Amino acid sequence: MKKLVALFLLGGFSLAQPAAGTSPFVDVPPCHWARAALEAIARPDPNLRPQPSALLAENALRQVFEGLKCNDPLWSQRFLQNPSVAFGRSGVRLDGFSLENLQTRLSGNQATLRFSLLAVLDGSPVRRSGEAQLVFGEQGWQVVYASLAALNLPVFPR
């Protein structure tokens, strides 16, 4: 009987834990020092959905790069639409990045972000200017992968 009660308690405890990747804190990348604590306290309301905004569109683009910087391409994929099957397997390390001059244009459920990027790839700085296309859906903003592949960076293979 004690074993049955213990199993029941363990099963109930595991069901009460939030599922991986369901944290409402989409601006906290996986390697951030506070990530574990936020995941532990997060209890997202399944009825709440993010609304389209320029701030969240810019955050989606930033989180693609944050995931790569953390060596966590699965994190980045949450914010990508139609990534290449080769995404996350390039063998090139993103050591750091800076997004500047963000200009966002919203039109309903679509956004265009113009930006300047300084990426440090395997210790070497690379500068690019780009325009990312984003689509707002059930999971929030997602960056159209093809618009990032146009940057001709090895972290976004075609």
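A short tour of the structure in this document, coming up. (Residues numbered from 1 in each chain as written. Predicted model: local features only at pLDDT ≥ 70, side-chain atom pairs only at ≥ 80, totals over all residues. Heavy atoms only, no water.)

## Considering the state of the cysteines
What counts is decided by this rule: Any two cysteine sulfur atoms within 2.5 Å of one another count as a disulfide. Numbering of helices and strands starts at the N terminus; helices are DSSP runs of H or I of at least 4 residues and strands are runs of E of at least 2. With a 1.4 Å probe rolled over the protein chains alone, any residue whose accessible area is under 20% of its type maximum counts as buried; one over 50% counts as exposed, and the rest are partly exposed.
Tallying each qualifying case throughout the model produces one disulfide. Paired through a disulfide, C31 and C70 show a sulfur-sulfur distance of 1.9 Å. Taking the torsion about the sulfur-sulfur bond, which here is approximately -50°, the covalent link between C31 and C70 counts as left-handed. Of this pair, C31 sits in the loop between helix 1 (2–16) and helix 2 (35–41) while C70 sits in the loop between helix 3 (54–69) and helix 4 (73–77); the two residues are 39 residues apart in sequence, bridging distant segments of the chain. The exposure class of C70 is buried, given its relative accessible area of 16%.

## Considering unusual backbone geometry
What is expected of a backbone is that most residues other than glycine have negative phi and most peptide bonds are trans. Phi is positive for N71, which is not a glycine, with a value near 60°. Within the element layout of this structure, N71 appears in the loop between helix 3 and helix 4. Of note, D122 is a non-glycine position whose phi angle comes to about 50°, a positive value. With respect to the helices and strands, the residue D122 is situated in the loop between strand 3 (110–121) and strand 4 (124–137).

## Describing the sheet that holds strand 5 (residues 140–144)
Heads up, the rule is: At least two DSSP bridges between two strands are required for those strands to pair. The contact definition used throughout considers only heavy atoms, calling two residues in contact when any of these lie within 4.5 Å. Orientation is described by lines fitted to C-alpha atoms, with helices fitted over the stretch in contact, and by angles between N-to-C directions that extend from 0 to 180 degrees.
Across the sheet, five strands lie side by side as 1-5-4-3-2; this open sheet has mixed pairing. For this open sheet the edge positions go to strand 1 (80–81) and strand 2 (94–107), each flanked by a neighbour on one side alone. Alignment of strand 4 against strand 5, held across four bridges, turns out to be antiparallel. Opposite G137, over in strand 5, you have G140 as the bridge partner. Relative to the sheet, helix 3 contacts strand 1, strand 2, strand 3, strand 4 and strand 5, its axis offset from that of strand 2 by approximately 160°.

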